[in-house]
Structures are given as structure tokens and as C-alpha cells.
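# What the coordinates show
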Amino acid sequence: MMKYLTVTGKLNINKYGKKELIYDEEILKFINELNFNISVLNFDKKLDLGSLKKSSGLIMTGGGDIYKYSKKKNDKYRDNFEIKLFNYFKKKNKPILAICRGYQLIMNLYNCHICKQKGHVRTTHNLNINKSRFLNLKKVKVNSYHKFSVFDVPNQFEKISLHKDKSVEISEHKSKKIICLMFHPERKINQKKEIIKNFKSFFK
């Protein structure tokens, strides 16, 4: 039986005005390593919530900035669409993985403090992981590609791992199956096998 995940991506509007989702090669490989297929999302029509019933969970991917910072029309459309997806999967108590931009979007939805921060673009750093419900790791060396960092989380979330500058690199919802990562688990990263194993269990 085929298993599906709903996965967001970069939004492009082609020369004919048609909206298209574009997935990075790394995220496609990541989904394949989790043994899932991507469920089809149609950006040109009103979101059909019924079409999401067969989906096992949601991945809100990175790539670019949220509308609050970019002021691009594409990002505004993408933000609104992803917020609808987030609210649906949260209400249905299905797993949600938010990566980088997706993490920032969720925190912005809760009016949390996000700001531009130096030292996080095209670099790596070590993280200590504190009492995660979903990551069976104590330490991990991660990649970093973001210009904006999260510095506080809503009351419903726990701070799981902090950067040395006190920005929150990993957070988790206290009762629901929601994990937010500022790094990219789909890209080159130490302990990739362990991370894949953890997310297989997360979306099980």
C-alpha cells in the first residue's frame, strides 16, 4: 500500500500565469528515503481538504523567506496556502515537520520573535538536543542556510536545542506531533542515517 506525505515547495508562476510547485532534488530524495510518495497539491484551485485525508503528514520545506521579510507576491500566496495546510494537519493530529522557512512561518503565525542574524548562512555547527520526543540523538552537527532566526517559541512549544547565540534551532509542540528544525535534514548532515530513522518513526 502506497504511503503519502503532503510536501510544500517553492512557488513559481510561469509565463502563462500558472502556479507551479518546485521541489529541490534533496527533498525528493529525503521523501524517498522515508519510503513515502508526495501527494499532489494544486496551487491553481481552492485547497481541497478532502484530498489530504490519505496523507500521513505534512512537511513544510525551506527555500527563500516568508512574506513578512521578502514582500514578494509569490511568498504571500505560499504563506497563506501553507498556513491552511498547517492548521488542517494540526487539527487532524497528524505529524508536521517544519524546516527552516516552514519553522519561521509557524513562529510568525504565533507572533514570536524572529530577526535577522549573522553567522547562519552556508555554515555548520554542533547542537545539543535536550529531551526531544522525536529525535533519539544527544548531539548532532547540522548545516545552516538561514538569514533569519527564531528567538522565542509559543507556550505550546518546548525549546529542544539552542545555538550559542541563543536562537532556537529545534522546537517541538508539547502535546501534538509537531517538530520545527532550523537546519535542513534533507541536505548533507552528520548522522543522516539516524535522522532518517527518527523521521521514519515520526511519520509512521
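In this text, all values refer to a predicted model and were calculated from it rather than measured experimentally.

## As for the state of the cysteines
- Enumeration over the complete set of coordinates arrives at zero disulfides.
- Summary of cysteine pairing: Cys100 is not part of a disulfide, and the nearest cysteine sulfur, belonging to Cys180, is at 11 Å.
- Unpaired in this structure, Cys112 has its nearest cysteine sulfur neighbour in Cys180, at a distance of 9.8 Å.
- Assessed through its relative accessible area of 6%, Cys112 is described here as buried.

## Brief notes about the pattern of salt bridges
- A full pass over the atoms with the stated rule returns seven salt bridges.
- Glu82 is paired through a salt bridge with Arg78; the nearest N and O atoms lie 2.6 Å apart. With Glu82 and Arg78 both in helix α3 (residues 73-91) and four residues apart, the pair spans about one turn of that helix.
- Across the salt bridge formed by Asp79 and Arg101, the nearest N and O atoms sit 2.6 Å from each other. Residue Asp79 is found in helix α3, and its partner Arg101 is found in helix α4 (residues 101-109); the two are separated by 22 residues along the sequence. We note that Asp79, like Arg101, is buried.
- Overlapping salt bridges, with partners in common, bring together Asp75, Arg78, Asp79, Glu82 and Arg101 in one network.

## Some details on the packing of α3 against α4
- Viewed as axis vectors pointing N to C, α3 and α4 meet at an angle of 75°, and their least axial separation amounts to 11 Å. If you check the angle between α3 and α4, you find them roughly perpendicular. Touching Asp75, Arg78, Asp79, Glu82, Ile83, Phe86 and Asn87 of α3 are Arg101, Leu105, Ile106 and Leu109, all from α4.

## Some details on helix α5 (residues 192-202)
- All buried positions along α5 are accounted for by Ile195, Ile196, Asn198, Phe199 and Phe202. In an axial view of α5, the angular spread of the buried residues amounts to 160°, which keeps them on one side of the axis. In this structure, α5 carries Lys193 and Lys197 as exposed residues pointing more than 90 degrees from its buried face.
- Buried residues along α5 sit against α1 (25-33), β6 (96-99), β9 (139-145) and β13 (178-181).

## As for the nonpolar core
- Leu97, Met107 and Phe199 are the most contacted members of the largest nonpolar core, which has 56 residues in total.
- A total of five residues in this core trace back to one element, the largest contributor, which is α3.
- In contact with Phe199, other than residues within four places in its own chain, are Phe30, Leu34, Leu97, Leu135, Ile179, Leu181 and Pro185.

## A word on the pairing of strand β12 (residues 168-173)
- Along β12, six of the six residues are buried, which leaves the element largely enclosed by surrounding structure.
- Pairing between strand β11 (residues 157-162) and β12: five bridges, direction antiparallel. The residue of β12 that forms the bridge with Phe157 is His173.
- Once β11 ends, the chain turns through five residues before running back antiparallel as β12, passing Lys166 with a positive phi of about 80°.
- As judged from the three bridges shared by β12 and β13, these two strands associate in the antiparallel manner. Bridge assignment links Ser171 to a residue of β13, and that residue is Cys180.
- In textbook terms, the turn of a hairpin is the stretch between consecutive antiparallel strands, and for β12 and β13 this stretch comprises four residues.

## Side note on the pairing of strand β5 (residues 55-60)
- The buried count for β5 comes to five of six residues, which makes it a mostly enclosed element.
- Inspection of the sheet shows strand β1 (residues 4-7) paired to β5 by three bridges, in the parallel sense. Pairing of Val7 across the sheet is with Ile59, part of β5.
- The pairing of β5 with β6 spans three bridges and is parallel. Residue Leu58 lies in a different strand from β6, and its bridge partner there is Ile96.

## Focus on the packing of aromatic side chains
- Per the counting criterion, the structure on display carries eight aromatic pairs.
- An angle of 85° between the planes, with centres 5.3 Å apart, marks the rings of Tyr88 and Phe89 as edge-to-face.
- Consider the rings of Phe199 and Phe202, whose centres lie 5.8 Å apart with planes at 85°: the pair is edge-to-face. Taken as a pair, Phe199 and Phe202 lie in helix α5 at a separation of three residues, close to a single helical turn. No difference in accessibility class separates Phe199 from Phe202, as the two residues are buried.
- Connected via pairs of aromatic rings, a cluster forms that spans Phe30, Phe36, Phe134, Phe199, Phe202 and Phe203.

Definitions and cut-offs
Residues numbered from 1 in each chain as written. Predicted model: local features only at pLDDT ≥ 70, side-chain atom pairs only at ≥ 80, totals over all residues. Heavy atoms only, no water. Disulfide = S-S within 2.5 Å. Buried < 20%, exposed > 50% of the residue type's maximum accessible area, 1.4 Å probe, protein only. Salt bridge = Lys/Arg side-chain N within 4 Å of Asp/Glu carboxyl O. Helix = DSSP H or I, 4+ residues; strand = E, 2+ residues; numbered from the N terminus. Axes fitted to C-alpha atoms, helices over the stretch in contact; angles between N-to-C directions. Parallel < 35°, antiparallel > 145°, perpendicular 65-115°, else oblique. Contact = heavy atoms within 4.5 Å. Arc of directions from axis to C-beta. Core = buried A, V, L, I, M, F, W, Y, C linked by side-chain atoms within 4.5 Å. Pairing = 2+ DSSP bridges. Phe/Tyr/Trp six-rings, centres within 6.5 Å; stacked < 30°, edge-to-face > 60°.

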